[in-house]
Structure formats: C-alpha cells, structure tokens
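Structural description and commentary
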Amino acid sequence: MFDHRVLKHAKVSIIISLIIFSALVFLVSVDTIIQHDHDDSLHHPSSSKGIPQVLEESHTEIKLEAGVVRSTTTLTLSHIALKSLQEENQHREVEIIDHDDHDDDGGGNTLVAPINVTESERISWFRGKIQEFKILKSDKLSRQFHGRVLGFFGGNNGCEGQFFMTWISPATSFGSRELLSVQSVFKVHPKACLVILSRSLDSVGGYRVLKPVLDLGFKVQAITPDLPFLFKGTPAESWFHQLRKGKKDPGEIPLFQNLSNLIRLSVLYKYGGVYLDTDFILLKPLTGLRNCIGAQSMDFGQKHWTRLNNAVLVFDMNHPLLLRFIKEFALTFDGNKWGHNGPYLVSRVVEKLGKKPGFSFTILPPMAFYPVDWNKIDGLFRKPKTRSESKWVEAKLVQLSGETYGVHLWNKQSGKLEIRNTFV
C-alpha cells in the first residue's frame with residue numbers, strides 16, 4: 001500500500017493546515033474564484049473560448065482578530081494549452097477511444113429509472129434500456145483493465161501509494177471540485193499513483209480534463225473498468241450476471257451510484273490501496289494507516305460509532321472485511337433506498353461482526369475523514385451570521401490542523417452552494 005521505507009509520517013503544523021484549508025475554501029467554487037475567463041474549460045475541455053487554469057502559487061495570510069479568523073489569499077493562475085493524447089503520441093500502446101461526451105455510463109437523466117412504478121414495470125424498463133448502460137459491457141478496451149492497472153502501478157512509475165477513485169458520469173462533468181480532489185492527493189502524496197476507474201474519462205476528452213495534473217508530473221490515469229473481471233470470484237459475480245440479463249430490479253436510485261459502491265470495494269479487494277470519493281479533499285498524508293474505515297458519527301457518551309461511511313477506505317488486497325462488504329451488497333441490494341448499499345451497508349456489516357476474530361481493521365473517529373457532517377457542511381460555504389457561528393468556524397479550522405486527514409465536502413448537499421467570503 002505504502003512504502004514505509006520511503007514515506008515518513010508528516011507532521012503538519014497548524015499554520016500549514018490553515019493555509020491548505022483556506023486555499024480549499026477559496027478553490028472549491030471556480031465560479032467565485034476564477035473570473036479571468038468566462039468559460040470554464042474544465043467543464044468544456046474542447047471549448048476554444050476557455051483555457052484551463054492551474055494553481056501555481058497560493059499565498060495566504062491568516063490573522064486572529066477579536067476571536068475571528070481573517071485571511072487574505074493571493075492566487076497565481078497559469079494557462080495551459082491542451083492537446084489530445086493522440087496529438088501527443090500517435091503510437092500509444094493502449095488504445096484510447098474518444099467517447100461521446102454525452103455517454104454517461106448510466107448516470108444521465110435518460111438512464112434513470114421511472115419513479116412511482118411497480119418493480120416489474122421498472123425491470124421491464126431496465127431490460128429495454130440495458131444496452132445503453134455501457135458500464136455493464138465488456139469490450140476490447142475494458143478487457144485491458146487488469147493489464148493496464150498492473151502496468152501503471154508497476155513498471156518504472158515508482159508508486160509510493162495506490163489510490164483509486166471512480167467516475168461514472170460524463171467527462172465534461174468532471175469539474176473544478178473533482179480536479180481539486182485529485183490535486184489534493186498529490187499535494188500530500190506527490191509520488192502516489194492514482195487510477196480513476198472511468199470509461200468516460202478514458203478518452204481524448206477525459207485526457208484533456210486531467211492534463212493539467214499530468215503536466216505537473218503527477219501520475220494519474222483513467223482506466224475503463226472491466227466489471228466482470230472485478231467481480232469474478234466474489235459474491236458479486238452471480239449478482240452482476242443476473243443484473244446484465246435484466247433479472248434484477250435496478251431501483252429508482254441511479255444504478256451508476258450503486259455500482260460505484262460495489263466497484264470501490266472490488267477494486268480494493270483485487271489490488272489493495274486507498275479509495276477516495278471525488279468530493280474528498282486530502283489535507284495530510286495517510287502514511288501509517290492500514291485496513292481502516294472512518295466513522296461518520298459517534299455517540300461520544302457511549303464512545304461508540306453510530307454510522308460508518310465508505311467515502312474513504314484504506315485496505316490491503318484480499319482483506320476479509322472487504323469480502324464481507326461485497327457479500328452483503330450482493331445479498332441485500334436495494335436500489336430504492338439511499339445509502340443502503342453504501343454507508344449503511346458498511347455499518348451493518350461491521351455491527352454484525354462485533355469483535356469476531358479474523359478481521360483486523362481500525363475504525364477511525366469522525367474527525368479523521370468526516371470532521372464536518374453533511375448537515376453542517378454549509379457552514380464552510382457561508383459567512384457566519386452570529387458570534388456562535390464564527391466560533392464554530394474558528395474551532396473547526398483548529399480541529400482540521402490536528403487529527404483530520406481530510407474533508408468530505410458532501411457534494412450532494414454542497415454541490416450547489418456558492419462560496420461566500422467566509423473569512424473576511
């Protein structure tokens with residue numbers, strides 16, 4: 001997972017963490033920060049009107065005046081001209097297919113099951129649309145998955161940590177927030193290798209989206225997943241076989257969201273490493289963490305977690321807990337209940353296991369990965385209106401400089417929030 005002979009545990013001072021978090025708050029909304037170009041070319045990589053911008057320097061001065069955190073941030077941005085992968089290398093060994101930007105692998109509105117229908121009606125709809133769910137297919141590109149992953153992590157890349165993300169939406173939807181999440185990995189793990197399991201990003205358009213990170217010398221690659229291979233030999237193999245035949249109810253929740261829950265478990269089971277959601281901002285190295293999952297909430301009186309979350313997972317290859325998670329997914333899949341196949345699933349499994357021997361893993365407290373819960377995340381996006389809110393923001397910044405490894409932005413709740421000048 002990590003080369004402990006090379007990596008050393010980084011001690012991050014309070015001021016450094018404040019600087020990082022200040023930059024985070026100012027960067028997560030590109031419309032608020034970057035007004036130099038009116039077109040966001042990260043969302044439209046083929047547009048000739050906008051050129052992607054990359055943060056070169058961030059100078060932040062933070063002061064504590066009358067108990068209120070104040071900061072002044074100066075950002076230096078540079079323009080990067082993009083070329084397609086074919087323009088860079090016409091003889092690339094692995095074929096890259098330029099997918100239609102509207103091919104969302106099942107994430108678009110046209111592939112969302114109808115609501116207020118019976119289960120049989122929904123299954124009938126799914127059978128009629130199943131050929132449009134490209135994520136379910138195995139083709140020439142996807143069958144190269146295993147070899148490409150091994151080649152990327154092996155060879156001469158010198159990876160000091162295997163990281164995974166998933167993206168089962170259009171390449172054009174991979175925007176500034178997601179790119180910031182990718183950049184945060186390399187901010188604290190500059191020699192890490194990151195694989196994004198995605199058919200849409202494994203394309204010319206996807207390459208152009210990721211090129212600002214690649215141009216900085218970081219090792220990130222989008223690879224089309226081969227789901228039959230990933231699920232083979234696991235309890236999910238039979239479930240997926242039935243799904244591809246149209247014999248499973250996909251549920252009202254978009255299927256791609258539930259598949260993402262299964263893919264992250266399977267890829268870690270096959271290869272080991274770190275999985276991160278694309279709305280998670282890493283603030284300090286994960287060096288030293290092994291076989292761990294984070295609690296989203298706790299009963300501090302009982303000193304026991306009340307809910308776990310699967311937005312961050314750190315596990316060895318073939319870890320038995322991952323196999324239990326996969327088994328639970330296959331046995332209890334319900335596409336109609338939000339979170340049932342994700343956070344609630346990992347919580348159910350760990351609760352059932354109790355202290356059963358043979359499962360060596362650690363549950364980290366909420367402050368590790370989820371220092372701000374989903375129902376309070378807006379507090380990081382708006383200006384405090386009361387003294388109490390100001391004190392909360394101030395205390396949260398101090399907490400982030402301690403035992404916190406990163407911040408989950410809960411994009412489902414914060415994705416449409418506009419950044420306000422919180423610290424001035």
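All of the points below concern the structure found in this document.

Criteria and cut-off values
Throughout, residues of each chain are indexed from 1 in the direction in which the sequence is written. Restriction of local features to residues with pLDDT of at least 70 applies here, the model being predicted, together with a cutoff of 80 or more for giving and counting side-chain atom pairs; totals for whole chains, interfaces and linings are based on all residues. Each side-chain value is derived from all of the structure's non-hydrogen atoms; neither hydrogens nor water enter the calculation. Secondary structure elements follow DSSP: runs of H or I of four or more residues count as helices, runs of E of two or more count as strands, with numbering from the N terminus. Classification of residues uses two cut-offs on accessible area relative to the type maximum, computed with a 1.4 Å probe and protein chains only: under 20% is buried, over 50% is exposed, and between them is partly exposed. Residues are treated as being in contact if the distance between any of their heavy atoms lies within 4.5 Å. All accessible areas in this document rest on Shrake-Rupley with a 1.4 Å probe, and a residue is counted as covered only by the protein chains that are shown. What counts as a ring pair is set by centres within 6.5 Å for rings of Phe, Tyr and Trp (its six-membered ring), and what kind of pair is set by the plane angle: stacked under 30 degrees, edge-to-face over 60, tilted for all other angles. Whether a charge sits over a ring comes down to the Lys NZ or Arg CZ being within 6 Å of the ring centre and within 35 degrees of the ring normal. Only strands that DSSP links by at least two bridges are regarded as paired with each other. Here an axis means a line fitted to C-alpha atoms, over the contact stretch when the element is a helix, while the angle between two N-to-C directions is reported on a 0 to 180 degree scale. Throughout this description, a polar contact denotes any pair of N or O atoms lying within 3.5 Å of each other; where both atoms belong to protein, one of them has to be capable of donating a hydrogen while the other can accept it, and for residues adjacent in sequence the pair is counted only when both atoms sit in side chains. Criterion for a disulfide: a pair of cysteine sulfur atoms at a distance within 2.5 Å. Directions drawn from the helix axis to the C-beta atoms are what define this arc. What is meant by a nonpolar core is a set of buried Ala, Val, Leu, Ile, Met, Phe, Trp, Tyr and Cys residues, joined one to another through side-chain atoms within 4.5 Å.

1. With respect to the overall build of the protein
When you go through the protein residue by residue, the secondary structure sums to 15 helices and eleven strands. Out of the 424 residues belonging to the protein, those deemed buried represent 54%. In the protein, once contacts between residues fewer than 6 apart in sequence are set aside, the share between residues at least 24 apart is 78%. Looking at the protein as shown, the accessible area adds up to about 19,600 Å², and 51% of this sits on carbon and sulfur atoms.

2. Quick look at the packing of aromatic side chains
In the structure shown here, the tally under the stated rule is 17 aromatic pairs. Note on Trp125 and Phe133: the rings are 6.3 Å apart at their centroids and 90 degrees apart in plane angle, and the pair reads as edge-to-face. In this structure an aromatic cluster arises from ring pairing among Phe145, Phe152, Phe153, Phe164, Phe229 and Tyr271. A cation over an aromatic ring shows up here: Lys270 above the ring of Phe229, its NZ or CZ 5.0 Å from the ring centre. Directly above the ring of Tyr405 sits Lys284, whose terminal nitrogen or CZ lies 4.8 Å from the centroid.

3. A look at the sheet that holds strand E9 (residues 304-315)
Strands sit in the order E5-E4-E3-E6-E9-E8-E10 across an open sheet of seven strands; the sheet is mixed. Both outer strands of the open sheet, strand E5 (219-223) and strand E10 (362-364), are each paired with one neighbouring strand and no more. Each strand of the sheet is rotated relative to its neighbour by a mean of 35 degrees, with strand direction disregarded.

4. So, the side chain of His319
The topology assignment puts His319 in the loop between E9 and helix H11 (320-332). Engagement of the side chain of His319 in a polar contact is seen with the backbone oxygen of Ser360, the distance being 2.9 Å. Here His319 is in contact with Tyr269, Asn291, Ser360 and Phe361, once residues within four sequence places are set aside.

5. Things to note about the pairing of strand E6 (residues 273-276)
Direction of pairing for strand E3 (residues 162-166) relative to E6: parallel, over a ladder of two bridges. Each bridged residue has a counterpart across the sheet, and for Phe163 the counterpart in E6 is Val274. Across four bridges, the pairing between E6 and E9 is antiparallel. Across the sheet, residue Tyr275 finds its bridge partner in E9, namely Leu313.

6. Concerning the state of the cysteines
Counting across every chain of the model gives one disulfide. Disulfide partner of Cys159: Cys193, at an S-S distance of 1.9 Å. Disulfide Cys159 to Cys193: torsion about the S-S bond roughly -85 degrees, handedness left-handed. Residue Cys159 is located in the loop between helix H5 (145-153) and E3, and its partner Cys193 is located in strand E4 (residues 193-197); the two are separated by 34 residues in the primary sequence. When sorted by exposure, Cys159 lands in the same class as Cys193, which is buried.

7. A look at helix H4 (residues 119-129)
Buried residues of H4: Arg122, Ile123, Trp125 and Phe126, and no others. Down the axis of H4, the buried set is contained in an arc of 160 degrees. They therefore lie on one face. Exposed residues pointing more than 90 degrees away from the buried face of H4 are listed as Ser120 and Gly128. Structurally, H4 contributes buried residues whose contacts are with helix H9 (236-244) and helix H10 (255-271).

8. A few points about the side chain of Thr404
Note that Thr404 resides in the loop between helix H14 (387-400) and strand E11 (406-408). The exposure class of Thr404 is buried, given its relative accessible area of 0%. Among the polar contacts listed, one links the side chain of Thr404 to the backbone oxygen of Met367, at a separation of 2.7 Å. Residue contacts for Thr404: discarding those within four places in its chain leaves Leu283, Lys284, Met367, Ala368, Pro371 and Gln399.

9. So, the nonpolar core
Ranked by size, the top nonpolar core spans 56 residues in total, and within it Leu136, Phe164, Leu230, Trp239 and Phe325 carry the most contacts. Looking at this core element by element, the count peaks at ten residues for H10. Leu230 has contacts with Phe145, Leu197, Pro225, Ile263, Ser266, Val267, Lys270 and Tyr271, leaving out every residue within four places of it along the chain. Judged by nonpolar contacts, the second largest core, of 39 residues, contains Phe163, Val182, Leu201 and Ala368.

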